[in-house]
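Listed below are the residues making up each chain.
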Amino acid sequence: AQRVTQPEKLLSVFKGAPVELKCNYSYSGSPELFWYVQYSRQRLQLLLRHISRESIKGFTADLNKGETSFHLKKPFAQEEDSAMYYCALGTGGGNKLTFGTGTQLKVEL
Amino acid sequence: NAGVTQTPKFRILKIGQSMTLQCAQDMNHNYMYWYRQDPGMGLKLIYYSVGAGITDKGEVPNGYNVSRSTTEDFPLRLELAAPSQTSVYFCASTLTGDRYEQYFGPGTRLTVT
């Protein structure tokens, strides 16, 4: 069965410091990985997807099939990055997603 | 566009009561989903629908029922509420071709006591 693991419930960094939110997955098929974000008082929304290899709001994530990881990185954290981040795995028919438990990122001044 | 709307925002139920959580979207999305999120846990898929008249079970369907008579609406029915169904419920939708970018509603916080 598929699984997404986010080992950190809370990650606290100072403004300007690098950020890395960890995500590991388990899936027998060809994985499609995503990061979703929920800012305070806002809805859960897509941040980025591995297939487009883009940088959104300074965040990037590279799919490493050998390590079954999809860590989210940003070189310099900003206060507005404080949010809940969920890693998600696309699991085929019906465009279903399997979510990790989420990591709360807190950027301190 | 209102996007995905959910009602009610909050609800307290007594054990054994029933209720329907409403979800509607105005984006003409054919895929719709219901998730629950327990404290400290990720979102778990309850049911999903790939179009009007078509529904299927997700990971945690027990204790719930759904129907999809129109493209816009996807209500979730709780029969005989139990404390284990205390959770935050999210509805989401997407287009067939937009692989995995799901648009979420604001959530319904349900407490069963």
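As a reminder, the structure under discussion sits directly above these lines.
Note that this is a predicted model, so its numbers are computed, not measured.

Looking at the overall build of chain A
Of the regular secondary structure elements, chain A holds zero helices and 11 strands. Reading chain A from its N terminus to its C terminus gives the helix and strand order β-β-β-β-β-β-β-β-β-β-β. Its C-alpha atoms give chain A a radius of gyration of 13 Å, within 12% of the compact-globule value 13 Å for 109 residues. If you line up chain A on its principal axes, its C-alpha atoms span 40 × 30 × 25 Å. Evaluated residue by residue, chain A yields a buried proportion of 48% over its 109 residues.

A look at the pattern of salt bridges
Side chains that carry opposite charge are capable of pairing whenever their charged atoms lie near each other. Residues and elements named next belong to chain A. If you walk through the whole model with that rule in mind, you get seven salt bridges over all chains. For Glu20, the salt bridge goes to Lys22, with nearest N and O atoms at 3.3 Å. By relative accessible area, Lys22 is classed as partly exposed at 30%. Each of the salt bridges in this network shares a partner with another, and the network as a whole consists of Glu20, Lys22 and Lys73.

Structural notes on the packing of aromatic side chains
Under the defined criterion, the tally for this structure stands at 10 aromatic pairs over all chains. Between Tyr86 of chain A and Phe99 of chain A, the ring centres sit 6.4 Å apart and the planes meet at 85 degrees, which makes this aromatic pair edge-to-face. Separated by 13 residues along the polypeptide, Tyr86 of chain A in strand S9 (residues 83–90) and Phe99 of chain A in strand S10 (residues 97–99) bring together distant segments of the chain. Phe99 of chain A carries the same exposure label as Tyr86 of chain A, and that label is buried. The side chain of Arg68 of chain B reaches across the aromatic face of Phe74 of chain B, ending 6.0 Å from its centre.

Quick notes on the side chain of Ser87 of chain B
All names here are of chain B. Along the chain, Ser87 falls in strand S9 (residues 87–94). A residue is classified by how much of its surface remains accessible, and Ser87, at 5% relative accessible area, is buried. Looking at Ser87, its side chain comes within polar contact range of the side chain of Asp38, at 2.7 Å. The contact partners of Ser87, leaving out residues within four places of it in the chain, are Arg36, Gln37, Asp38, Thr108, Arg109 and Leu110.

Here is what the cut-offs are and how they apply
Residues numbered from 1 in each chain as written. Chains lettered and ligands numbered in written order. Predicted model: local features only at pLDDT ≥ 70, side-chain atom pairs only at ≥ 80, totals over all residues. Heavy atoms only, no water. Helix = DSSP H or I, 4+ residues; strand = E, 2+ residues; numbered from the N terminus. Rg over C-alpha atoms; globule rule 2.2 N^0.38 Å. Buried < 20%, exposed > 50% of the residue type's maximum accessible area, 1.4 Å probe, protein only. Salt bridge = Lys/Arg side-chain N within 4 Å of Asp/Glu carboxyl O. Phe/Tyr/Trp six-rings, centres within 6.5 Å; stacked < 30°, edge-to-face > 60°. Lys NZ or Arg CZ within 6 Å of the ring centre and 35° of its normal. Polar contact = N/O pair within 3.5 Å; in protein donor to acceptor, adjacent residues only side chain to side chain. Contact = heavy atoms within 4.5 Å.

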